[in-house]
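Chains, contacts and geometry: an overview
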Amino acid sequence: MNSNNTLTQLLSDYRGSIIKKEGLKMDNCIFCKIAAKEIPGKVVYENDTCIAFLDLSQTTNGHTLVIPKEHYDSFLEADAEVMAHCMKVAQKLANKIVENMHAKGCNILTNAKEVAGQTVHHFHIHIIPRYEENDPIKIEFTDRSSVVNLDDIYNEIMK
Ligand code: 5GP
Ligand code: ZN
């Protein structure tokens, strides 16, 4: 190994150890900054892997976000174990929020990519407590069963 290769290897090992210790932090990611306490957030839960804080918008009272401390762009890229852990935390927290806020239920949702409404590109799970059907949130499932061919769609997914 020449000295250039050695240096490259050393730098790579160093970067690897930083990522292991501190998680991969993305510059200019608002949620990485909240996780690192560089900007404030109303943190309602935290452990080594994830952190949960109140969503600024408060779509309904108690609207909370659960995020991994490590940066993943969206649900589609997130490490499966980290994501499973975040989901476990989201369930515990959702029960606590629903109970303490006297909600009747909640929506759990994650938007992946802009086309799906993702505006902050750090994987997060929304906990949105629900108080009544007319809460100011709209998630509508349109019935398109009469205009699509289920077999075609099935075959396309399974190919
Ligand atoms: P998305 O649209 O990506 O699924 O959700 C992003 C959410 O992050 C939005 O509901 C938005 O209100 C929330 N949000 C954006 N910036 C901040 C911030 O700086 N602090 C907090 N607490 N929430 C934020
Ligand atoms: Zn991030």
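Our structure is the block above this text.
For clarity, every value in this text was computed on a predicted model and none was experimentally measured.

**So, the site of ligand 1**
As a matter of local geometry, ligand 1 sits amid 16 residues, with Leu-54, Asp-55, Asn-111, Thr-119 and His-126 nearest to it. One of the side-chain N or O atoms of Asn-111 is found 2.8 Å from an oxygen atom in ligand 1. Between ligand 1 and Gly-117, the relevant distance is 3.0 Å, taken from an oxygen atom to a main-chain nitrogen or oxygen of the residue. When ligand 1 is considered free in solution it has 520 Å² of accessible area, and contact with the protein chains removes 81% of it. Secondary structure elements with two or more residues in the shell around ligand 1: α2 (30-35) and β2 (50-54). In terms of residue count, α2 provides more of the shell around ligand 1 than any other element does, 3 residues in total.

**Describing the packing of aromatic side chains**
According to the stated counting rule, one finds 2 aromatic pairs in the structure shown. Arranged with centres 5.3 Å apart and planes meeting at 75 degrees, the rings of Phe-31 and Phe-53 form a pair that is edge-to-face. Taken together, the residues Phe-31 in helix α2 and Phe-53 in strand β2 connect sequence positions 22 residues apart. Look at Phe-53 and you get buried, because its relative accessible area is 3%. Note on Phe-75 and Phe-123: the rings are 6.4 Å apart at their centroids and 55 degrees apart in plane angle, and the pair reads as tilted. One end of the pair, Phe-75, is in the loop between β3 (64-68) and α3 (80-100); the other, Phe-123, is in the loop between β4 (105-109) and β5 (125-130), and 48 residues separate them in sequence. The buried category is assigned to Phe-123, whose relative accessible area is 2%.

Conventions adopted
- Residues numbered from 1 in each chain as written.
- Chains lettered and ligands numbered in written order.
- Predicted model: local features only at pLDDT ≥ 70, side-chain atom pairs only at ≥ 80, totals over all residues.
- Heavy atoms only, no water.
- Near = heavy atom within 4 Å.
- Polar contact = N/O pair within 3.5 Å; in protein donor to acceptor, adjacent residues only side chain to side chain.
- Areas by Shrake-Rupley, 256 points an atom, 1.4 Å probe, with all protein chains shown as cover.
- Helix = DSSP H or I, 4+ residues; strand = E, 2+ residues; numbered from the N terminus.
- Phe/Tyr/Trp six-rings, centres within 6.5 Å; stacked < 30°, edge-to-face > 60°.
- Buried < 20%, exposed > 50% of the residue type's maximum accessible area, 1.4 Å probe, protein only.

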